[in-house]
Amino acid sequence: MTLSSLVGRTIGTPVAGLVFLAGLAGCGQSGRSTGTDGRGTVVISTAADADGLFPPLVRTTLGRAISQQLFEPLASIGDSLNVIGDAGFEPRLADRWDWSRDSLSIVFHLNPGARWHDGVPVRAADVKFTQHIYVDSALATPDASLFADIDSVSVRDSLTPVFWFKRRSPHEFYVAAAEMEIVPEHVYGKVATTALASSDLLRHPIGSGRFKFLRWTPGATIEIVSNDAHYRAPAKLDRVIWTIAPDFSAASARFLNGEADFLESIRPEMLTQVERAPNLKVVSTPGFRYGFLALNLQDPMRPGAPHRLFGDRALRRALTMAVDRGSIVRSVFDTLAVPGLGPMVHAMPTTDTTVAELPFDPARATRLLDSLGWRESSNGVRYRNGLPLEFTIVTPSSSKERGRLAVLLQDQFKRVGARVKVQTLEINTLMQQLAKRDFDAVMASWPMDANPAAVRQNWGSEAAHEKGSSNYTGYASARFDAQLDRAASATSLAVARPLFTQAYQTIIDDAPAVWLFEPDNVVGVQRRIHLAPLRVDAWWAHLADWSVPAGERIERDRVGMRTSSEKPAARGG
């Protein structure tokens, strides 16, 4: 039996479009109960801790998944993932909005019932404050470059913030309404922006979402509970607990043995086990993440100087052509991933899958290395001017797949004369090294933003020089920037697609990374949990609408009501 046939039978019949809903029988039920046993608990097993829960500073997927339960944007993109104009957006903190005639400003009208978790009303001043700290260089948020077109936010009255733009853009509504979670000024404005990142205030996040923070025990658990006073509707669950395991094997074991209800990544070798368990099921959506070997183009020891190896575009191209991406992706993911194309995914409407990739051609890679003066020695390692073609690949301990890919890459690079070491680091230690750009190469994986222009956050020239940015490689190309700007200005998909393809082609040719894999989103869930639709860019987007029908609750659901009334403790971000 092939994995593809197994997944097909376990998941169900694939459907067209971005969102694949599977196993959602009963999701229309409210999941609420008037009994004393509460509404239910979901335990999610994960192999890495969050880096924080304060939206402007969150970098990891887990941090984002949890912070987006606690904090809200002005409007949600909705399952359509439309980023042009405001069609399909759903009200959140803002009930409605008005455009100026010249489209250079948008007036948002806040829901008058919106409250922060401490009971203080949400006000327009909070929106203004949020926009300020997202772009304040003193805080060094990783998303600052996304808001470059916002000139300012003004306060018309207590419930009416106004966004002003430097120029018109098809994505301006998305950027203003959905790209930032609003945070309370009366809480986080107590300290100077320069001190905010290290402030104890971040240890107890206060937002406005349908869930509120309860506790965080580092390396063990993060717990959130229903905000029963929410101005729209409380969560349909009493609480959600992320249980943090030391590695993926331990995380998957907790799911398989019933200690956890949900696992966000099912590996190929687990599928048969899940299928045999009558209380478990697999749910799949198209992938919205890409994985790659990021090459540091800057010297870790000399800021501003090129890396002794990867500052050379031709060498980067040679190493890329030495990698059989199809072979190693099949070896690690079987049929649950495809080779990566570049900084985009197949599910994006702007992706042209016929974009020209650097081919797997070890003979050509060898000739190119020879031409660059890298001569192979008797020990099989190439040298130039007495220096070896040698570097280290860093990989996170939380990702078994990336660890296996790093070892396979080590072997393939060896075949063309490159000596590679593999170093495994705990995720927070790895993130610290990335922030300092203290690495040669790293096995990375990025979630796509619904706005394809957001790729500048990771690959744009401006982000390459920003403190705390996510452009860890230091890639900077004026040509790529200009092409991306033209694509982002397109007012229709038909116009945007070929323009984005030009930008993608530029970065693929420049090879600041070896584009490796694009995995499907394959999650595991206990059958007692009734899911809401899983959005392809964020499976957690509708977590507050998950439910546990009364007849399917277990002991931890009844314990949940008592636990969620306890006084919040421990630490947050």
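Residues numbered from 1 in each chain as written. Predicted model: local features only at pLDDT ≥ 70, side-chain atom pairs only at ≥ 80, totals over all residues. Heavy atoms only, no water.

Visitor: Sorry if this is basic, but what is going on with the overall build of the protein chain here?
Guide: Scanning the protein chain from terminus to terminus reveals 18 helices and 23 strands. Here the protein chain has a C-alpha radius of gyration of 24 Å; the compact-globule value for 573 residues is 25 Å, and the two agree. Its C-alpha atoms put the protein chain at 75 × 60 × 45 Å along the principal axes. Residue burial in the protein chain is summarised as follows: out of 573 residues, 58% are buried. For the protein chain, the exposed surface amounts to about 22,100 Å²; the carbon and sulfur share of it is 51%. In the protein chain, the 63 positive side-chain charges and the 61 negative ones have mean positions that sit 2 Å from each other. (Helix = DSSP H or I, 4+ residues; strand = E, 2+ residues; numbered from the N terminus. Rg over C-alpha atoms; globule rule 2.2 N^0.38 Å. Buried < 20%, exposed > 50% of the residue type's maximum accessible area, 1.4 Å probe, protein only. Areas by Shrake-Rupley, 256 points an atom, 1.4 Å probe, with all protein chains shown as cover. Lys, Arg positive; Asp, Glu negative; His and termini not counted. Charge placed at Lys NZ, Arg CZ, Asp CG, Glu CD.)

Visitor: Would you mind showing me how to read the side chain of Asn111 here?
Guide: By secondary structure assignment, the location of Asn111 is in the loop between strand 5 (105-110) and helix 3 (124-135). Within the structure, the side chain of Asn111 is placed 2.7 Å from the backbone nitrogen of Gly113, a separation counted as a polar contact. Setting aside chain neighbours within four positions, we find Asn111 in contact with Leu93, Ala94, Asp95, Tyr231 and Arg232. (Polar contact = N/O pair within 3.5 Å; in protein donor to acceptor, adjacent residues only side chain to side chain. Contact = heavy atoms within 4.5 Å.)

Visitor: Any chance you could explain the confidence of the model for the protein chain here in plain terms?
Guide: Summary statistics for the protein chain give a mean pLDDT of 88 and a share of 90% for residues scoring 70 or more. Taken as a whole, residues 1-36 scores under 50 in pLDDT and shows 69 contacts with residues more than four places along the chain or in a different chain. Between residues 560-573, whose pLDDT stays under 50, and residues either more than four places distant or in other chains, the model counts 43 contacts. (pLDDT = per-residue confidence, 0-100.)

Visitor: What's the story with the pairing of strand 10 (residues 239-244) in this structure? I'm lost.
Guide: Every regular strand shows the same layout, with side chains that alternate between the two sheet faces. For strand 10, the tally of buried residues reaches 6 of 6 residues, placing the bulk of the element in the interior. The pairing of strand 9 (residues 221-226) with strand 10 spans 5 bridges and is antiparallel. Bridge assignment links Thr221 to a residue of strand 10, and that residue is Thr243. (Pairing = 2+ DSSP bridges.)

Visitor: I keep staring at the sheet that holds strand 16 (residues 382-384) and nothing clicks. Help me out?
Guide: In sheet architecture, strand pairing relies on hydrogen bonds along the backbone and comes in two forms, parallel and antiparallel. Ordered in space as 15-16-17, the 3 strands form an open sheet in which the pairing is antiparallel. On the outer flanks of this sheet lie strand 15 (375-376) and strand 17 (387-388), each paired with one strand and no other. For strand 16 and strand 17, the ladder comprises 2 bridges, and the chain directions are antiparallel. Its bridge partner being in strand 17, Tyr383 is matched across the sheet by Pro388.

Visitor: Teacher, can you tell me more about the pairing of strand 4 (residues 94-99) here?
Guide: Bridge count between strand 4 and strand 5: 5 bridges; the pairing is antiparallel. Paired with Ala94 across the strands is Leu110, a residue of strand 5. Here strand 4 folds back onto strand 5, and the loop between the two strands holds 5 residues, one of which, Ser103, carries a positive phi near 60°.

Visitor: So what exactly am I meant to see when it comes to the pattern of salt bridges here?
Guide: Between side chains of opposite charge, a pair can form when the charged atoms approach closely. Enumeration according to the criterion identifies 21 salt bridges in this entry. Glu401 serves as the salt-bridge partner of Arg267, at 2.6 Å between the closest nitrogen and oxygen. Here Arg267 is found in the loop between strand 11 (262-263) and helix 8 (271-276), whereas its partner Glu401 is found in helix 12 (residues 400-414), with 134 residues between them in sequence. Across the pair, exposure class does not vary: Arg267 and Glu401 are buried alike. (Salt bridge = Lys/Arg side-chain N within 4 Å of Asp/Glu carboxyl O.)

Visitor: Looking at this model, I keep getting lost on the side chain of Arg289. Mind explaining?
Guide: Relative to the elements of secondary structure, Arg289 occurs in strand 13 (residues 289-295). Here Arg289 is buried and forms no salt bridge, its nearest opposite-charge partner Glu264 lying at an N-O distance of 6.5 Å. A distance of 2.6 Å separates polar atoms of two side chains, one belonging to Arg289 and the other to Thr61. Of note is the side chain of Arg289, whose polar atom sits 3.0 Å from the side chain of Ser445.

Visitor: Looking at this structure, how should I read the packing of aromatic side chains?
Guide: The geometry of two aromatic rings is summed up by the distance between their centres and the angle between their planes. Overall, the coordinates contain 25 aromatic pairs when judged by the stated rule. Summarising the aromatic geometry, the rings of Trp539 and Trp546 are spaced 6.0 Å apart at their centres and angled 35° between planes, so their arrangement reads as tilted. Accessibility expressed as a relative area gives 0% for Trp546, which makes it buried. A network of ring pairs unites the aromatic residues Phe89, Trp97, Trp99, Phe108, Phe163, Phe173 and Tyr174 as a single cluster. Over the face of the ring belonging to Phe248 we find Arg267, whose NZ or CZ atom lies 3.4 Å from the ring centre. (Phe/Tyr/Trp six-rings, centres within 6.5 Å; stacked < 30°, edge-to-face > 60°. Lys NZ or Arg CZ within 6 Å of the ring centre and 35° of its normal.)

Visitor: Honestly, the sheet that holds strand 6 (residues 150-157) in this entry has me stumped. Any pointers?
Guide: With antiparallel pairing, the 4 strands of this open sheet are ordered in space as 4-5-7-6. Strand pairing shows two members of the sheet lacking a second neighbour, strand 4 and strand 6, which therefore form its edges. Each neighbouring strand pair of the sheet contributes to a mean axis angle of 20°, computed without reference to strand direction. Here strand 6 runs beside strand 7 (residues 160-165); their pairing, made up of 6 bridges, is antiparallel. Bridge pairing links Val155 to Pro161 in strand 7. Most of the contacts of helix 3 go to strand 6, to which it runs at about 165°, and overall it touches strand 5, strand 6 and strand 7. (Axes fitted to C-alpha atoms, helices over the stretch in contact; angles between N-to-C directions.)

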